[in-house]
Amino acid sequence: MSEGNRKRKWFGWIGSGVLGLHMLQLFLYAPTAQAADPVDLKLDGKAAIVMEASTGQVLFDFNADEILPPASMSKMMTEYIVMETIKSGKIKWEDVVTTSRYAADVIGSGDLLAFQEKSTVKDLFGAMSIYSANDATVALAEYVAGTEENFVKMMNDTAKKLGFNAQSQFINSTGLSRADLGKYQPANTTGETQITARDAATLAYHIVNEHKEVLEYSSIPAKKFREKDKDPMINWNWMLDGNKDSVNFKKYVYPGLDGLKTGHTDEAGYCFTGTAVKNGMRLITVIMSASSMEQRFLETRKLLDYGFNNFEMKPVLAAKSEIESLKTVNIKKGVKTNVPVVTENNVDFVVKKGETPNIEVVAAPNEEVKTAPIKTGDALGKVTVKYGGLEKQVNLVATEDMEKGSWFRLFFRAIKNFFGNIFSGIANGLKNVF
């Protein structure tokens, strides 16, 4: 049975009042990953991963590169492309979309849209993110790219840009299996949608860092699609912090959890990409092919607890720090020939609690020497900080203004340098002779 069919049963249960009325209220590249420690969390699932969201550091993985069907977690890619398209100005949240026959017919979760019904991009995005609505997802894909076939090409092109596994692929916008699509099966592709847990975490990393607005939707426990609707869409993510007062879901709730995407088909099992914030650190987790709807949340709790209990974000280089090996950077035509520099921002890494990180710091001026005038804050070099297989760069910036030297000053400096070079050449020549 597909997740959508199971969801219809749950929706009927919710609508009957069993859950209670209180439930009706809620192109960049992937980062280099740090090797995760070999830890056995005794997981119920085929693959899993824990990633820190700001750095992309992998804190735990289990079969994270195994190719598996993701079911509706595929919709994270649809979300990403829709938000990218909005960001580019090609479409707007207020645009009105007309439901096609395919969108109205698609099976599984949803059953919200009628043929030729008109809805805004914002409402469709909410239905996709909150209720995993297949009809809303297809409608958005067709609106963005003209056809789902064109949209799938965008999905696969984006997967390559983000560094997905070479064997990963999408065949539709929803994550439904080929058989579930019936007469709407894609003719131009073979196989099924398949990605890895690492791919899912990488995609979530880009979403939460580049399009944080998605959390405004994914964190909503329940919402009506239309004001006139009798029943709301219930978010299939039971772990949401917003469910803490729910009699039925509060045992699954994880404080600070606000996303991201569930998924289920018979082939995929029960999947979940989660994200939560605690003590200023955000984690991303993925569990694939858990044995039940409830179990995927219990396994996610294990992953989050492991990450938050064992790791912390630690500053390894403070902002405005002077680097011993490069305290000044040479400039051209200034009152002085060099300018003092410091780090522009701090550099943080995720480390094991109680660990003093062993870091490597390499500083270098920019290849092109900058010409005065120089303003405070101008970038004149870079510092590369390496830790545990990861590296970060931060600018070295000028700590003071430097005016352009007068013609008189520059003239005599040039004469000094000229004769200095001559005498240096003579000295070196005599040294070689004698």
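Rules used throughout
Residues numbered from 1 in each chain as written. Predicted model: local features only at pLDDT ≥ 70, side-chain atom pairs only at ≥ 80, totals over all residues. Heavy atoms only, no water. pLDDT = per-residue confidence, 0-100. Contact = heavy atoms within 4.5 Å. Phe/Tyr/Trp six-rings, centres within 6.5 Å; stacked < 30°, edge-to-face > 60°. Helix = DSSP H or I, 4+ residues; strand = E, 2+ residues; numbered from the N terminus. Lys NZ or Arg CZ within 6 Å of the ring centre and 35° of its normal. Pairing = 2+ DSSP bridges. Axes fitted to C-alpha atoms, helices over the stretch in contact; angles between N-to-C directions. Expected span 1.5 Å × (residues − 1). Buried < 20%, exposed > 50% of the residue type's maximum accessible area, 1.4 Å probe, protein only. Parallel < 35°, antiparallel > 145°, perpendicular 65-115°, else oblique. Nonpolar A, V, L, I, M, F, W, Y, C, P; charged D, E, K, R; others polar.

(A) Spotlight on the confidence of the model for the protein chain. Overall, the prediction assigns the protein chain a mean pLDDT of 85, with 83% of residues at 70 or greater. Residue range residues 5-33 is modelled with pLDDT below 50. Its contacts to residues more than four positions away, or to other chains, number 71 contacts. Confidence drops under a pLDDT of 50 for residues 429-434, and excluding neighbours within four residues, the segment shows zero contacts in the predicted structure.

(B) Structural context of the packing of aromatic side chains. What the rule picks out here adds up to 15 aromatic pairs. Arranged with centres 4.5 Å apart and planes meeting at 25 degrees, the rings of Y102 and Y184 form a pair that is stacked. Within this pair, whereas Y102 is found in helix α3 (residues 101-105), its partner Y184 is found in the loop between α6 (148-161) and α7 (197-210), the two being separated by 82 residues in sequence. Relative to Y387, the ring of F349 has its centre 5.4 Å away and its plane inclined at 55 degrees; by these criteria the two rings are tilted. Here F349 is found in strand β13 (residues 347-352), whereas its partner Y387 is found in strand β15 (residues 379-387), with 38 residues between them in sequence. Each member of the aromatic cluster is reached from another via a ring pair, and the members are W238, F249, Y252, F272 and F297. Residue placement shows R101 over the ring face of F115; its charged tip is 4.0 Å from the ring centre. Of note, K392 hangs over the ring of F349, and the distance from its end group to the ring centre comes to 5.1 Å.

(C) Layout of the sheet that holds β15. Overall, antiparallel pairing links the five strands, which are arranged β11-β12-β16-β15-β14 in an open sheet. The sheet is open, and its two edges are formed by β11 (328-330) and β14 (360-365), each paired on a single side. For this sheet, the mean inter-axis angle between neighbouring strands, taken without regard to orientation, is 35 degrees. Pairing analysis gives six bridges linking β14 to β15, with the strands arranged antiparallel. Opposite A364, over in β15, you have K382 as the bridge partner.

(D) Examining helix α9 (residues 293-310) more closely. With 18 residues, α9 should reach 26 Å at 1.5 Å per residue; the first-to-last C-alpha distance of 27 Å fits that figure. Within the sequence span of α9, burial applies to M293, R296, F297, E299, T300, L303, L304, Y306, G307 and F308.

(E) Quick look at the pairing of strand β7 (residues 257-265). In terms of burial, β7 is largely enclosed, as nine of its nine residues are buried. As paired elements, β7 and strand β8 (residues 269-278) share eight bridges and run antiparallel to each other. Of the residues in β8, the one forming a bridge with T262 is F272. Between β7 and β8, which pair antiparallel one after the other, the connecting turn spans three residues.

(F) Inspection of the pairing of strand β12 (residues 338-343) at higher detail. Where β11 meets β12, three bridges bridge the pair, whose relative direction is antiparallel. Of the residues in β12, the one forming a bridge with N330 is N338. Of the strand pairs in this sheet, β12 and strand β16 (residues 390-398) are connected by three bridges, and their pairing is antiparallel. Following the sheet pairing, T343 is matched in β16 by L396.

(G) Seen up close, the environment of M76. By the secondary structure assignment, M76 is in helix α2 (residues 75-87). Separated by 185 residues in the primary sequence, M76 and K261 have C-alpha atoms spaced 7.0 Å apart. Ignoring anything within four residues of it in the chain, the contact list for M76 reads A200, L203, A204, I207, L260, K261 and T273.

(H) Main features of the environment of L215. Tracing the chain through its elements places L215 in helix α8 (residues 214-218). In sequence terms L215 and L257 are 42 residues apart; their C-alpha atoms lie 9.9 Å from each other. Filtering out sequence-adjacent residues up to four positions away, L215 remains in contact with V208, D258, L260, T275 and R282.

(I) Representation of the sheet that holds strand β1 (residues 47-52). Taken in spatial order, the five strands of this open sheet run β2-β1-β9-β8-β7, and their pairing is antiparallel. In this open sheet, the two strands that pair with only one neighbour each are β2 (58-62) and β7. The average angle at which neighbouring strand axes cross in this sheet is 5 degrees, direction not considered. Note that β1 and β2 share four bridges and pair antiparallel. The partner of A48 across the bridge, within β2, is F62. Against the sheet, α7 contacts β1, β2, β7, β8 and β9 (281-290), and its axis sits at roughly 145 degrees relative to β9.

(J) A look at the side chain of S321. Looking at the secondary structure, you find S321 in the loop between β10 (311-317) and β11. Of the residues examined, S321 reaches a relative accessible area of 16% and is grouped as buried. Ignoring anything within four residues of it in the chain, the contact list for S321 reads V342 and T343.

(K) Seen up close, the packing of α2 against α6. Direction vectors running N to C along α2 and α6 enclose 95 degrees, while the axes themselves pass 10 Å from each other. Of the possible angle classes, the one that applies to α2 and α6 is roughly perpendicular. Between α2 and α6, the residues in contact are M77, T78, Y80, I81 and T85 and F151, M154, M155, T158 and A159, respectively. Here the residues of the contact of α2 with α6 are counted per class, giving seven nonpolar, three polar and no charged.

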